[in-house]
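In case you want the letters, here they are:
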Amino acid sequence: VQCAASLQGGLDGFLSRRSANHRAKMSKGRRRAQNRGIVYERHVPASTSEARAVFARMLAVENKSWKGEGQCGMAEEPARSFYDAMLRRLAPARGARVMFAVHEGRDVGFIFGGLAGQVYRGQQFSYAHDCQALSLGNLMQIEKIRWLCEEGVQRYDMGPLDGPKMQYKSHWTETAFPLRTWLIEKA
């Protein structure tokens, strides 16, 4: 089951469909991160070399995350090759949307996905383990949604809502629909 959120009405419209508690947490977290000096960089790689440079930064963050420390994230094969290829393949059409959270010149988080028309499909996000108290996952999500709304994107897909580690998605989405995969074999 694929979960998604409408971006109709822009950021204000999106936020109006979240609970008051969720909105309050976002606002408080955003102020705390601003006070700590967290800034966000937006990247839309347009060439193979730009995609490789952005991916190297993503991997550096991933290696400092709980997923990297546990060797269960996108820095491990086959995920590493898959996301590297995805980022490079999105570059010619400028389809990738990568955002970094930066603190005092150091990348401390990233969020990555791609566009298909007016639909954004989130792929991965991660943040440095020593920044866990900042709620960077939530903050990068809201900053990504702000960016997508500025671009006129209409839907934010977050992928499957399966397993206990994916329950966070329910705060960010309001619709679910079946996801079907088709395999076409060339004869």
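Scroll up to find the structure this text is about.
Described below are features of the structure shown in this document. (Residues numbered from 1 in each chain as written. Predicted model: local features only at pLDDT ≥ 70, side-chain atom pairs only at ≥ 80, totals over all residues. Heavy atoms only, no water.)

For the structure on display, the rule yields four aromatic pairs. Where Phe-14 meets Trp-172, the ring centres are 6.2 Å apart and the plane angle is 20 degrees; that geometry is what we call stacked. Taken together, the positions of Phe-14 in helix H1 (residues 10-16) and Trp-172 in the loop between strand E6 (155-160) and strand E7 (175-177) put the pair 158 residues apart, joining distant regions of the chain. Take Phe-14: its relative accessible area is 0%, and that puts it in the buried class. The interplanar angle of 80 degrees and the centroid separation of 5.0 Å between the aromatic rings of Phe-82 and Tyr-83 together place this pair among those described as edge-to-face. Judged by relative accessible area, which is 10%, Tyr-83 ranks as buried. One aromatic cluster in this structure is built from Phe-82, Tyr-83 and Phe-112. Over the ring of Phe-14 we find Arg-18; its NZ or CZ atom is 4.2 Å from the centre of that ring. Between the NZ or CZ atom of Arg-57 and the centre of the ring of Phe-100, over which it lies, the distance is 4.0 Å. (Phe/Tyr/Trp six-rings, centres within 6.5 Å; stacked < 30°, edge-to-face > 60°. Helix = DSSP H or I, 4+ residues; strand = E, 2+ residues; numbered from the N terminus. Buried < 20%, exposed > 50% of the residue type's maximum accessible area, 1.4 Å probe, protein only. Lys NZ or Arg CZ within 6 Å of the ring centre and 35° of its normal.)

This part covers the side chain of Gln-141. Topologically, Gln-141 is positioned in helix H6 (residues 136-150). Not counting chain neighbours up to four residues away, the residues in contact with Gln-141 comprise Ile-111, Phe-125, Tyr-156, Met-158, Tyr-168 and Trp-172. (Contact = heavy atoms within 4.5 Å.)

For the rest of this paragraph, the subject is the sheet that holds strand E2 (residues 38-43). Hydrogen bonds between backbone atoms are what pair the strands of a sheet, whose relative direction is either parallel or antiparallel. Read from one edge to the other, the open sheet built from seven strands follows the order E2-E3-E4-E5-E6-E1-E7, with strand pairing classed as mixed. Looking at strand neighbours, the two that pair on one side only are E2 and E7, the edges of this open sheet. Between one strand and the next, the sheet's axes are offset by a mean angle of 30 degrees, whatever the strand orientation. Bridge count between E2 and strand E3 (residues 96-103): six bridges; the pairing is antiparallel. Bridging from a neighbouring strand, Tyr-40 pairs with Ala-101 of E3. Strand contacts of helix H3 (residues 48-63): E2, E3, strand E4 (106-116) and strand E5 (119-127), with the helix running at about 125 degrees to E4, the strand carrying the most contacts. (Pairing = 2+ DSSP bridges. Axes fitted to C-alpha atoms, helices over the stretch in contact; angles between N-to-C directions.)

Its 17 residues place the ends of helix H2 (residues 20-36) 24 Å apart at the C-alpha level, agreeing with the 24 Å of an ideal helix rising 1.5 Å per residue. Where H2 is concerned, the buried positions are His-22, Met-26, Gly-29 and Ala-33. End-on view of H2: buried residues confined to an arc of 75 degrees, all on one side of the axis. Within H2, the exposed residues directed more than 90 degrees away from the buried face are Ala-20, Asn-21, Lys-28 and Asn-35. Buried residues in H2 make contact with E2 and H6. Count one or two residues on from H2 and you reach Gly-37, which has phi positive near 90 degrees. (Expected span 1.5 Å × (residues − 1). Arc of directions from axis to C-beta.)

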